[in-house]
Amino acid sequence: QVQLVESGGGLVQPGGSLRLSCAASGSIFRFYRMGWYRQAPGKQRELVAGITSGNMTNYTDSVKGRFTISRDNGKNTVYLQMNSLRPEDTAVYFCNGKRTAWGRESDYWGQGTQVTVSS
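Quick caveat: nothing in here was measured; it's all calculated off a predicted structure.

(A) Quick peek at the pairing of strand β5 (residues 46-51). Bridge analysis of strand β4 (residues 33-39) against β5 gives 5 bridges, and the strand direction is antiparallel. Paired with Tyr-37 across the strands is Leu-47, a residue of β5. Here β4 folds back onto β5, and the loop between the two strands holds 6 residues, one of which, Gly-42, carries a positive phi near 75°. Bridging between β5 and strand β6 (residues 57-59) involves 3 bridges; their strand directions are antiparallel. Across the sheet, the residue bridging to Ala-49 is Tyr-59, located in β6. Between β5 and β6, which pair antiparallel in sequence order, lie 5 residues; one of them, Asn-55, sits at a positive phi of approximately 70°.

As structure tokens, this is what we get:
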């Protein structure tokens, strides 16, 4: 089955940048709709950015102009470039992949990577 592995999280100061990566197993990555979600302690998980198999993107309002989602189908990898980071961006960031095949929706999650923005 599909496995997603996130990397690139860490501790940065406000105004800094991080680049998250999500590596997917298998050879059907290009057919998946990919997304980055985040969840802070005691808060609901929210969609941060999404990208379709046709490279259409969407972002939550709070990150527009600061974050960029992209994908490299040759490397089976999706990225989240995060610039101008704020303390409120602190959360565990999760990679997600979705695909409809054989009449059934598949939904996969990575283990998460911690992003902490603090001075």
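(B) Spatial organisation of the state of the cysteines. Scanning the model with the defined rule gives 1 disulfide in all. One disulfide in the model links Cys-22 with Cys-95; its S-S distance is 2.1 Å. Sign of the S-S torsion, about -85° for the bond between Cys-22 and Cys-95, identifies this disulfide as left-handed. Residue Cys-22 is found in strand β3 (residues 18-24), and its partner Cys-95 is found in strand β9 (residues 91-101); the two are separated by 73 residues along the sequence. Accessibility assignment for this pair places Cys-22 and Cys-95 in one class, buried.

(C) Summary view of the sheet that holds strand β1 (residues 4-7). An order of β1-β3-β8-β7 is seen for the 4 strands of this open sheet, with the pairing classed as antiparallel. The open sheet terminates on both sides in strands that have one partner only, identified here as β1 and β7 (67-72). Across this sheet, the average inter-strand angle for adjacent strands is 15°, counted without regard to direction. Sheet analysis places β3 next to strand β8 (residues 77-82), joined by 6 bridges and oriented antiparallel. Looking across to β8, one finds that Arg-19 is bridged to Gln-81.

(D) Expanded view of the environment of Gln-13. With respect to the secondary-structure elements, Gln-13 resides in the loop between β2 (10-12) and β3. You can call Gln-13 exposed: its relative accessible area is 55%. The spatial distance from the C-alpha of Gln-13 to the C-alpha of Ser-84 is 9.5 Å, given a sequence separation of 71 residues. Once residues within four sequence positions are removed from consideration, Gln-13 is found in contact with Val-117 and Ser-118.

The rules behind these values
- Residues numbered from 1 in each chain as written.
- Predicted model: local features only at pLDDT ≥ 70, side-chain atom pairs only at ≥ 80, totals over all residues.
- Heavy atoms only, no water.
- Pairing = 2+ DSSP bridges.
- Helix = DSSP H or I, 4+ residues; strand = E, 2+ residues; numbered from the N terminus.
- Disulfide = S-S within 2.5 Å.
- Buried < 20%, exposed > 50% of the residue type's maximum accessible area, 1.4 Å probe, protein only.
- Axes fitted to C-alpha atoms, helices over the stretch in contact; angles between N-to-C directions.
- Contact = heavy atoms within 4.5 Å.

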